[in-house]
There are 2 protein chains.
Amino acid sequence: MTDPAFEAHDHHACIVDGVAAVERACVARGLQLTQTRKRVLEILLSEHKAMGAYEILDVLRAEGLGSQPPVAYRALEFLTKHGFAHRIERLNAFIACSHFGDAHAPVFLICRRCNSVAESRSDVAKSEIGRIAKGAGFVIERTVREAEGLCPKCVEAA
Amino acid sequence: MTDPAFEAHDHHACIVDGVAAVERACVARGLQLTQTRKRVLEILLSEHKAMGAYEILDVLRAEGLGSQPPVAYRALEFLTKHGFAHRIERLNAFIACSHFGDAHAPVFLICRRCNSVAESRSDVAKSEIGRIAKGAGFVIERTVREAEGLCPKCVEAA
DNA sequence: CCTTAGTCGTTATGATATTTCATAGCAACC
DNA sequence: GGTTGCTATGAAATATCATAACGACTAAGG
């Protein structure tokens, strides 16, 4: 039950499948996956790592797709708003969604050594944070659940 | 089982007790609670809300305790490093610790309407994120668990 | 055609955080 | 007393992350 993000795998398929899934979702929901938005998604999918907005912007700039911060932030806003990407608060960075279609709240495992990030999902209501909120009479709208540490490979290497 | 942060309470006692507890801990551990560090702690304790580093810096500046960003960041680093305060990643802001002496990892409930923040604790090993990490062979060193939503009072008001 | 919602390009600015170099204070030691 | 090591501070500059605001373009529906 280790996570693909921490294992060797057919990564080209990750990208192709990821883009295809988002394209389908956009058609289904009447959203416009414009060139810049699509390219930002591909950039995010290119590795199982979180990327900063300016890092993404550098790539866009090199390709003539835009050079100013709002270009990257607008694309990222679109992708995160519709669940095609997520923001990692701990890193002030972004990552493509890898559990598409699943409505549960994301949980991230961030390796501080190789910088890979694995996404998992779990039902907030059944989680510790859900129980705590319930006990306090607090109504949760959004959760941030991120763990920092070492992935299996880096544990072994260390 | 609602949280004090969301209820009326003797807040002056929060501040006095909070500072006293940290003073004791510093003596016990041989740490120096310098004037700036102590003042930053008091500022953080002044409300059950998270404060930005520059907001804190404004207060220090007004009191002649320092005017450059590193002054605030150094004090905050000291306080967070030793568990006297926490960083709220979702807000890029800081809050005084309210579960002093308890070693478990913090969980925060952030009200988006009144900005109050309640701190709770739970054992990572027994939490959802702990189970997920274990399943993935991931070794957790630090967790970020924050829920955003409405506190009991604000739910009622809405 | 015309309106309108959505998107895009650009300038400027705001907000948060760190690096860097220099200095002050203090205690241990010879 | 002088040196060393350590911790904390001061000050300037810069790096990094994010948004506001405005005008222009475009495609879809009336």
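Residues numbered from 1 in each chain as written. Chains lettered and ligands numbered in written order. Predicted model: local features only at pLDDT ≥ 70, side-chain atom pairs only at ≥ 80, totals over all residues. Heavy atoms only, no water.

- Per an unreviewed UniProt entry, chain A is named Zinc uptake regulation protein, and its organism is Roseivivax jejudonensis.
- Word for word, the UniProt comment on chain A under Sequence similarities (unreviewed entry) is "Belongs to the Fur family." (UniProt positions renumbered as here; feature names shortened; annotations may be inferred.)

1. Some points on the sheet that holds strand β5 (residues 139–150) of chain A
Phase 1: Judged by pairing direction, the sheet is mixed, and its six strands sit side by side in the order β4(A)-β3(A)-β5(A)-β5(B)-β3(B)-β4(B) without closing on themselves. Single-partner strands in this sheet number two, and they are β4 (117–122) of chain A together with β4 (117–122) of chain B. With direction set aside, neighbouring strand axes in the sheet form an average angle of 20 degrees.
Phase 2: Relative to β4 of chain A, strand β3 (residues 105–111) of chain A is paired through six bridges, and the arrangement is antiparallel. Bridge pairing in β4 of chain A places Leu109 of chain A opposite Ala118 of chain A.
Phase 3: Across the face of the sheet, helix α5 (residues 128–136) of chain A comes into contact with β5 of chain A together with β3 (105–111), β4 and β5 (139–150) of chain B while running at roughly 55 degrees to β3 of chain B.
Phase 4: Contacts between helix α5 (residues 128–136) of chain B and the sheet are confined to β3, β4 and β5 of chain A together with β5 of chain B, with β3 of chain A contributing the most and set at about 55 degrees to the helix. (Pairing = 2+ DSSP bridges. Helix = DSSP H or I, 4+ residues; strand = E, 2+ residues; numbered from the N terminus. Axes fitted to C-alpha atoms, helices over the stretch in contact; angles between N-to-C directions. Contact = heavy atoms within 4.5 Å.)

2. Here we look at the domain arrangement of chain A
Residues and elements named next belong to chain A.
Phase 1: The domains assigned to chain A are domain 1 (4–96) and domain 2 (105–157).
Phase 2: The gap between the C-alpha centroids of domain 1 and domain 2 is 21 Å.
Phase 3: In this assembly, 15 residues from domain 1 lie in contact with 18 residues from domain 2.
Phase 4: Roughly 1300 Å² of surface becomes buried between domain 1 and domain 2 when both sides are summed, with 62% attributable to carbon and sulfur atoms.
Phase 5: There are two salt bridges connecting domain 1 and domain 2.
Phase 6: The salt bridge involving Glu148 is made with Arg90; its shortest N-O contact spans 2.8 Å.
Phase 7: Scanning the region where domain 1 abuts domain 2 turns up seven residue pairs in polar contact (both at pLDDT 80 or more).
Phase 8: Per-element tally for the side of domain 1 that touches domain 2: the top contributor is strand β1 (residues 85–88), with three residues.
Phase 9: A breakdown of the residues in the side of domain 1 that touches domain 2 according to their chemical character gives eight nonpolar, two polar and five charged. (Domains from an automatic or database assignment. Buried area = accessible area lost by both parts, 1.4 Å probe. Salt bridge = Lys/Arg side-chain N within 4 Å of Asp/Glu carboxyl O. Polar contact = N/O pair within 3.5 Å; in protein donor to acceptor, adjacent residues only side chain to side chain. Nonpolar A, V, L, I, M, F, W, Y, C, P; charged D, E, K, R; others polar.)

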